[in-house]
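Reading the structure
One letter stands for each residue in the lines below.
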Amino acid sequence: NFQPFYLYMLDGNKQGQKFYQKMGGKRFPLCDKDTEVLKLKMHDVCWIFDTSFPQISRFLTVKQMTKKNIPEILKLCQTNPDYYQHMPPKVSAKTIQKDMRELPPHTQRTDKFYLGFYDKKKLVAILDLIYNYPDKKSCFIGLFMVNKKHQGKGLGTKIIQELLSFLFKSREYVQLGVIASHILSHHFWMKNGFRFTGKEYKHPDHTVKIMQINKD
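Owing to the predicted nature of the structure, the values given are computational and were not obtained by experimental measurement. (Residues numbered from 1 in each chain as written. Predicted model: local features only at pLDDT ≥ 70, side-chain atom pairs only at ≥ 80, totals over all residues. Heavy atoms only, no water.)

What to know about the pairing of strand E9 (residues 195-202)
Two elements, E9 and strand E10 (residues 207-214), share 5 bridges in a ladder whose sense is antiparallel. Paired with Arg 195 across the strands is Gln 212, a residue of E10. Hairpin connection, E9 to E10: the antiparallel pair is bridged by 4 residues. (Pairing = 2+ DSSP bridges. Helix = DSSP H or I, 4+ residues; strand = E, 2+ residues; numbered from the N terminus.)

Overview of the nonpolar core
Phe 117, Leu 129, Ile 141, Phe 144, Ile 160, Trp 189 and Phe 194 are the most contacted members of the largest nonpolar core, which totals 31 residues. Of all the secondary structure elements, the ones that give two or more residues to this core are strand E5 (112-119), strand E6 (122-131), strand E7 (138-146), helix H6 (155-167), strand E8 (173-179), helix H7 (183-191) and E10. Take this core: its biggest share by element is 7 residues, from H6. Setting aside residues no more than four positions away along its own chain, Ile 141 makes contact with Leu 127, Asp 128, Leu 129, Leu 163, Val 174, Gln 175, Leu 176, Gly 177, Trp 189 and Phe 194. If you look at the next biggest cluster of nonpolar residues, it comprises 18 residues, including Leu 76, Ile 96, Leu 143 and Met 145. (Core = buried A, V, L, I, M, F, W, Y, C linked by side-chain atoms within 4.5 Å. Buried < 20%, exposed > 50% of the residue type's maximum accessible area, 1.4 Å probe, protein only. Contact = heavy atoms within 4.5 Å.)

Examining helix H3 (residues 70-77)
Regarding H3, the residues found buried are Ile 70, Ile 73, Leu 74, Leu 76 and Cys 77. One side of H3 holds all its buried residues, which, seen down the axis, span an arc of 160°. Seen from the open side of H3, the exposed residues pointing more than 90 degrees away from its buried face are Pro 71 and Lys 75. Residues of H3 that are buried in the fold lie against helix H4 (81-86), helix H5 (93-101), E5, E6 and E7. (Arc of directions from axis to C-beta.)

Here we look at the sheet that holds E5
Strand order in the open sheet made by the 7 strands is E4-E5-E6-E7-E8-E10-E9, with mixed pairing throughout. In this open sheet, the two edge strands, each paired with only one partner strand, are strand E4 (61-64) and E9. Within the sheet, the average angular offset between the axes of one strand and its neighbour, ignoring direction, is 30°. Direction of pairing for E6 relative to E7: antiparallel, over a ladder of 7 bridges. Note that in E7 the partner of Tyr 131 across the bridge is Cys 139. Strands E5, E6, E7, E8 and E10 of the sheet are contacted by H6, whose axis makes an angle of about 35° with E6. (Axes fitted to C-alpha atoms, helices over the stretch in contact; angles between N-to-C directions.)

Things to note about the packing of H3 against H5
For the pair H3 and H5, interaxial distance at closest approach is 10 Å and the crossing angle is 110°. In terms of axis orientation, H3 runs roughly perpendicular to H5. The segment H3 lies against H5, with Ile 70, Ile 73 and Leu 74 engaging Ala 93, Ile 96, Gln 97 and Met 100. (Parallel < 35°, antiparallel > 145°, perpendicular 65-115°, else oblique.)

Structural notes on the pattern of salt bridges
For the structure on display, the rule yields 3 salt bridges. Salt-bridge contacts for Arg 58 lead to Glu 162; the nearest nitrogen and oxygen are separated by 3.0 Å. On the criterion of sequence distance, the pair formed by Arg 58 in the loop between strand E3 (45-50) and E4 and Glu 162 in helix H6 is long-range, its members being 104 residues apart. On the basis of relative accessibility, which here comes to 79%, the residue Arg 58 falls in the exposed class. Classification of Glu 162 by relative accessible area gives buried; the value is 11%. Between Glu 200 and Lys 202 there is a salt bridge whose closest N-O contact spans 3.2 Å. (Salt bridge = Lys/Arg side-chain N within 4 Å of Asp/Glu carboxyl O.)

These figures come from the coordinates and say nothing about function on their own.
Right, dumping it as structure tokens:
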């Protein structure tokens, strides 16, 4: 029901192809005409991936979000005004675009997945996922937010538990940061198996505490 997100991949990039296949991407050979056009611009591009990530969830459609999705992301974020009282500034199209681009140290764009979770055609949750951070054995959840209308029904827990099952096929642990003053988020992540590591980072207007869950 959704237009897939397509990624063009260099033929020689075997590691990248293997990674996107693990994430559920399908590989399709391009037609000769398209291949010839792309060779002029990108050197030997001959594969295209549909990265709609079907393996992450059995009950929701998951896809990589892009700039064109910012209006619906903004609408979802605006259902959670209390979050931005703890984590300023107030959400806007500009702050979302910044979040979609932002990377932690020693990572690259191919490590970042800003994912949308859809129930039919309705965006119900977003998740900012960084692979290979803080190291190659881990992932980091930068943001997870569920539409306020869908909270309190077990949807967030269902998404995270499926995500962890998927990630632990190749990762040893997952980390995230919670805002020290946002106690509700602490309860949610502890319910899902995360524990505080003791590390925290102080910013001028908030403090972030690091939580972690290890592969069993």
